[in-house]
Amino acid sequence: MNFTAFLVCAVLVVVPLTNIETAHAQTATVPPIAQNRSAGNLQTTLADYFQKVAGLGFSGAILAGKDGQILLRDGYGWADEKRHIANTPETIFDIGSITKVFTAVAVMQLEEKGKLKTSDPITKYFPEVPADKSGISLHHLLTHTSGLEHEDFYDESPEAVRAMLRDKDKFIHRILSFPLAFKPGEKRLYSNSGFSFLAAIVEQLSGKSYEEYLRDNIFKPAGMTNTGYTFPNWNRRRVAHGYNDGLTDFGFPWTTQWSGRIIPWDLLGNGGLLSNVDDMYKFAIALAGQKLLSESTTNKMFTVYYPDRDQAYGWFVSKTEKGNHVVISHPGDAVPQGWNADFRWYKDDNFVAIVLTNKRIRAGSIRRYAMNDLANIVLFDEAPAMPDFAAIDSARLRSLEGTYKLDSGEVLQVKAGIASTGGQKRKSILVIGGKGQRAIDLLFSANQTPGLTKLSLELNEKAKNYIEALQMNDAVALKSILPVGISPADAVKNWNESVRQKGALKAFEVLGTSPLNQTGVRTFLRLEFASGPAFYHVTWRDGKLHDQEEDRLQPELAPFIRKSFVALPLSIPFLPQGAAKFSTYDLFKRRRIDITFDGNRRLVVHTKDGDLVAQKED
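Computed from a predicted structure; not experimentally measured.

Draft legend 1. Spotlight on the overall build of the protein chain. What the protein chain contains, in helices and strands, is 18 helices and 28 strands. Over its C-alpha atoms the protein chain spans a radius of gyration of 26 Å, differing by no more than 12% from the 25 Å that the globule rule assigns to 618 residues. Here the protein chain, with 618 residues, has 58% of them falling under the buried criterion. For the protein chain, the proportion of contacts with a sequence separation of at least 24, taken over those separated by at least 6, is 64%. Within the structure as shown, the protein chain displays about 24,800 Å² of accessible surface, and the carbon and sulfur contribution to it stands at 50%. Between the mean site of the 73 positive side-chain charges and the mean site of the 69 negative ones, the protein chain shows a separation of 2 Å.

Following this line, the structure appears as structure tokens:
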């Protein structure tokens with residue numbers, strides 16, 4: 001059975017979905033849960049994998065379907081951590097840049113109806129296009145080869161810019177006023193604004209708002225009742241909060257990315273749509289079954305026009321490194337709010353995989369490891385060798401809580417926790433945090449990363465010097481610390497304004513440096529002003545101060561010094577292996593760490609260089 005036949009066959013199978021409102025259940029098009037032995041084995045392996053990764057911090061929903069059967073459809077982690085509302089398959093997530101594929105389908109529908117051509121220049125649709133941009137075509141916009149470089153972010157823009165972003169004509173004029181990165185067609189540069197331009201063209205040619213067009217021409221034909229920006233009457237208990245930097249809660253997607261019911265044009269057409277795994281699966285079914293586009297138009301959309309980046313019209317079409325499996329895909333990330341997602345069709349394998357999540361861990365999108373592992377399990381029977389997840393009495397975990405001190409004085413703080421592990425089930429875990437560089441490095445790698453402590457200590461000293469230079473208003477010292485282009489005088493000015501508001505700095509402490517799950521590390525600080533203590537951090541990349549995307553919404557004390565919403569530089573979940581042994585597994589670095597507790601109130605970290613002991617304090 002080929003991929004299209006698999007999905008079209010799936011359309012004919014209508015099964016009730018639990019815990020979904022009646023209207024949704026009536027239009028459900030999800031195939032039955034797998035029954036045959038081989039599919040059942042995959043289902044068991046996937047369920048075991050995602051139960052464990054949920055204990056290790058994964059939070060989201062999964063749908064994997066192969067050969068007309070569902071292998072996994074479940075939710076993990078928390079939609080609302082504070083109220084312990086679990087994610088389910090019905091939970092609504094921000095799908096980020098996956099929104100772009102809906103824009104691409106809309107443009108291709110309009111071409112199929114003869115209302116546009118992808119070769120059309122944008123001058124056909126927008127007045128007063130500057131001469132250097134008159135050569136931009138719809139083809140360039142669809143393939144990120146237009147040269148449009150400037151991007152706005154509503155959540156960090158001043159009010160005057162926000163007003164422009166809420167007005168289509170002003171937004172277009174604003175983006176066209178910035179210089180191009182290159183001549184149209186010469187190179188490729190990912191452009192959110194380019195897809196907003198396409199959304200504006202969809203509105204112009206259809207006479208409808210972008211969301212109205214999607215609802216009438218994509219969502220309704222596909223049976224998607226839980227996708228949109230503002231049209232669905234969202235039940236807030238079903239919409240996931242976004243989390244980053246520990247338990248930092250960025251609220252609902254509309255909390256920071258837009259206000260009221262007006263979607264700003266820096267987002268419209270390129271990001272921010274809300275959906276769930278069932279609706280995304282229905283979209284795949286409708287597209288493959290030619291409910292949305294003809295076969296020839298679909299093939300045109302999936303043609304790779306920029307091979308260096310596997311770039312088709314709005315989609316990525318590539319092959320796996322192993323086995324040359326064709327995959328049609330698009331990821332999505334909403335930074336810093338935490339939502340990240342991935343949508344893949346393995347066309348020749350009759351396999352659809354959807355991962356929607358609401359959490360980033362130390363600047364890393366958790367959809368990356370989750371989707372890759374899901375695909376490896378299904379296609380190659382390869383699952384990571386992860387620790388077990390034994391059931392344990394919660395009272396036993398509570399008895400282990402407390403502060404454990406290493407001989408060198410650094411501390412490990414142990415706390416009992418609860419993980420939502422699928423099927424509305426919960427299991428107990430331990431969360432261990434580190435304060436002080438040795439403790440942090442033990443938790444992060446158990447001495448498996450050569451040179452890590454040396455580098456971290458150097459950055460701790462640089463962070464200390466930076467605070468002292470600001471405190472002394474020492475422009476000369478600041479010049480040697482700040483990156484080129486950052487004014488020491490402006491840094492002093494910003495610092496003094498913060499001191500004016502908070503009172504004099506009475507004391508400060510460098511808590512340690514923790515690696516990110518992407519390029520860079522972060523040094524954490526406790527600063528005590530006259531108004532009281534607070535936690536901050538600075539981010540480093542290649543040994544230099546760096547403005548991390550995660551930091552955009554966090555208050556700035558001085559250049560690169562951002563408010564931190566966590567008190568410890570690093571906190572790691574550990575899975576029970578038994579009453580005394582616990583293990584964690586770094587899903588980004590593929591590294592396991594084991595610890596045990598003995599009867600002498602000791603926490604023992606097992607490292608490649610031998611055991612290290614921390615004694616519990618009274």
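Draft legend 2. Main features of the nonpolar core. Core analysis: the largest hydrophobic core is formed by 86 residues, its most contacted members being Phe102, Phe283, Leu287, Met301 and Trp315. Those residues in contact with Met301 that lie beyond four places of it in its chain are Ala104, Val105, Met108, Leu287, Leu293, Ala312, Tyr313 and Trp315. One finds Val327, Tyr369, Ala375 and Leu379 within the second-largest nonpolar core, a separate group that totals 36 residues.

Draft legend 3. Spotlight on the environment of Gly147. Within the element layout of this structure, Gly147 appears in the loop between α5 (138-142) and α6 (159-165). In the structure, Gly147 is positioned 463 residues away from Gly610 in sequence and 55 Å away in space, judged by C-alpha atoms. Look past the residues within four positions of Gly147 in its chain and what remains in contact with it is Leu180, Ala181 and Phe182.

Draft legend 4. Geometry of the pattern of salt bridges. Tallying each qualifying case throughout the model produces 36 salt bridges. With its nearest N and O atoms 3.6 Å apart, the salt bridge here joins Asp551 to Arg522. You can see Asp551 sitting in the loop between β21 (544-546) and β22 (556-558) and its partner Arg522 sitting in strand β19 (residues 521-529), a full 29 residues away along the chain. Accessibility classification places Asp551 together with Arg522 in one group, the buried group. We note a salt bridge from Asp594 to Arg592, for which the minimum N-O separation is 2.9 Å. For Arg592, a relative accessible area of 31% translates into the label partly exposed. Each of Asp333, Asp342, Arg344, Arg360, Arg367 and Glu550 takes part in salt bridges that share partners, so that together they form one network.

Draft legend 5. Geometry of the packing of aromatic side chains. Following the criterion strictly, the structure yields 23 aromatic pairs and no others. Between Tyr229 and Trp258, the ring centres sit 6.0 Å apart and the planes meet at 85 degrees, which makes this aromatic pair edge-to-face. On the criterion of sequence distance, the pair formed by Tyr229 in the loop between α9 (210-222) and β6 (243-244) and Trp258 in the loop between α10 (253-256) and β8 (274-275) is long-range, its members being 29 residues apart. Residue Tyr229 is classed as buried on the basis of its relative accessible area of 1%. Under the relative-accessibility criterion, Trp258 is labelled buried at 2%. It is Arg162 that lies over the ring of Tyr154; its NZ or CZ is 4.7 Å from the centre. Seen from the ring of Phe444, Arg591 lies directly overhead, with NZ or CZ sitting 4.6 Å from the centre.

Draft legend 6. Seen up close, the sheet that holds strand β2 (residues 69-76). In spatial order, the strands read β2-β1-β12-β11-β10-β9; together these six strands make up an open sheet with antiparallel pairing. In the strand order of this sheet, the two ends are held by β2 and β9 (316-319), each with one partner. Here the average twist between neighbouring strands, direction ignored, is 15 degrees. Where strand β10 (residues 326-333) lies against strand β11 (residues 340-346), seven bridges are found, and the strand directions are antiparallel. Counted as the bridge partner of Ile328 is Trp345 from β11.

Draft legend 7. The arrangement of the pairing of strand β17 (residues 426-435) in detail. For β17, the buried fraction is high: seven of the ten residues fall into the buried class. Note that strand β16 (residues 411-420) and β17 share ten bridges and pair antiparallel. Across the sheet, Lys415 pairs through a bridge with Val431, a residue of β17. Bridge count between β17 and strand β24 (residues 570-576): five bridges; the pairing is antiparallel. From the neighbouring strand, Ile432 faces β24, where its bridge partner is Ile572.

Draft legend 8. Up close: the sheet that holds strand β26 (residues 591-598). If you trace the eight strands once around the closed barrel, you get β15-β16-β17-β24-β25-β26-β27-β28, paired in antiparallel fashion. Shown here is a sheet whose adjacent strand axes are inclined to one another by a mean of 35 degrees, direction ignored.

Draft legend 9. Structural context of the packing of helix α4 (residues 99-112) against α9. The interhelical angle for the contact between α4 and α9, taken along N-to-C directions, is 75 degrees, at an axis separation of 11 Å. The angle between α4 and α9 places the two elements in the roughly perpendicular class. Two secondary-structure elements touch here, α4 through Thr99, Phe102, Thr103, Val105, Ala106, Gln109 and Leu110 and α9 through Tyr210, Tyr213, Leu214, Asn217, Ile218 and Phe219. Residues belonging to the contact of α4 with α9 are distributed by class as follows: nine nonpolar, four polar and no charged.

Draft legend 10. Fine view of the environment of Pro387. Among the secondary structure elements, Pro387 is positioned in the loop between α13 (367-380) and α14 (394-400). Classification of Pro387 by relative accessible area gives buried; the value is 0%. If near-sequence neighbours (up to four positions away) are discounted, Pro387 is found in contact with Lys52, Leu575, Gln577, Ser583, Thr584, Tyr585 and Arg592.

Draft legend 11. Up close: unusual backbone geometry. The omega torsion across Val335 and Pro336 is 10 degrees, close enough to zero to call that bond cis. Its place among the elements puts Pro336 in the loop between β10 and β11. Positive phi, normally seen in glycine, also occurs at Asp310, with a value near 55 degrees. As for its placement among the helices and strands, Asp310 is situated in the loop between α12 (295-301) and β9.

Draft legend 12. Here's a closer look at the side chain of Asp349. Counting through the fold element by element, Asp349 comes out in the loop between β11 and β12 (351-357). Look at Asp349: it is buried, it has no salt bridge, and the nearest opposite charge is Lys66 at 5.5 Å. Within polar-contact distance, the side chain of Asp349 engages the side chain of His325 at 2.7 Å. Apart from residues no more than four positions distant in its own chain, Asp349 is found in contact with Lys66, Asp67, His325 and Leu379.

Draft legend 13. Layout of α4. Taking 1.5 Å per residue, 14 residues should reach 20 Å; α4 reaches 20 Å between its end C-alpha atoms and fits that length. The element α4 is extensively covered by neighbouring structure, given that 13 of its 14 residues are classed as buried. Backbone geometry just downstream of α4 places Gly114 in the positive-phi region, at approximately 80 degrees.

Reading the values: rules and limits
Residues numbered from 1 in each chain as written. Predicted model: local features only at pLDDT ≥ 70, side-chain atom pairs only at ≥ 80, totals over all residues. Heavy atoms only, no water. Helix = DSSP H or I, 4+ residues; strand = E, 2+ residues; numbered from the N terminus. Rg over C-alpha atoms; globule rule 2.2 N^0.38 Å. Buried < 20%, exposed > 50% of the residue type's maximum accessible area, 1.4 Å probe, protein only. Contact = heavy atoms within 4.5 Å. Areas by Shrake-Rupley, 256 points an atom, 1.4 Å probe, with all protein chains shown as cover. Lys, Arg positive; Asp, Glu negative; His and termini not counted. Charge placed at Lys NZ, Arg CZ, Asp CG, Glu CD. Core = buried A, V, L, I, M, F, W, Y, C linked by side-chain atoms within 4.5 Å. Salt bridge = Lys/Arg side-chain N within 4 Å of Asp/Glu carboxyl O. Phe/Tyr/Trp six-rings, centres within 6.5 Å; stacked < 30°, edge-to-face > 60°. Lys NZ or Arg CZ within 6 Å of the ring centre and 35° of its normal. Pairing = 2+ DSSP bridges. Axes fitted to C-alpha atoms, helices over the stretch in contact; angles between N-to-C directions. Parallel < 35°, antiparallel > 145°, perpendicular 65-115°, else oblique. Nonpolar A, V, L, I, M, F, W, Y, C, P; charged D, E, K, R; others polar. Polar contact = N/O pair within 3.5 Å; in protein donor to acceptor, adjacent residues only side chain to side chain. Expected span 1.5 Å × (residues − 1).

Take it as geometry only, folks, not as evidence of what the structure does.
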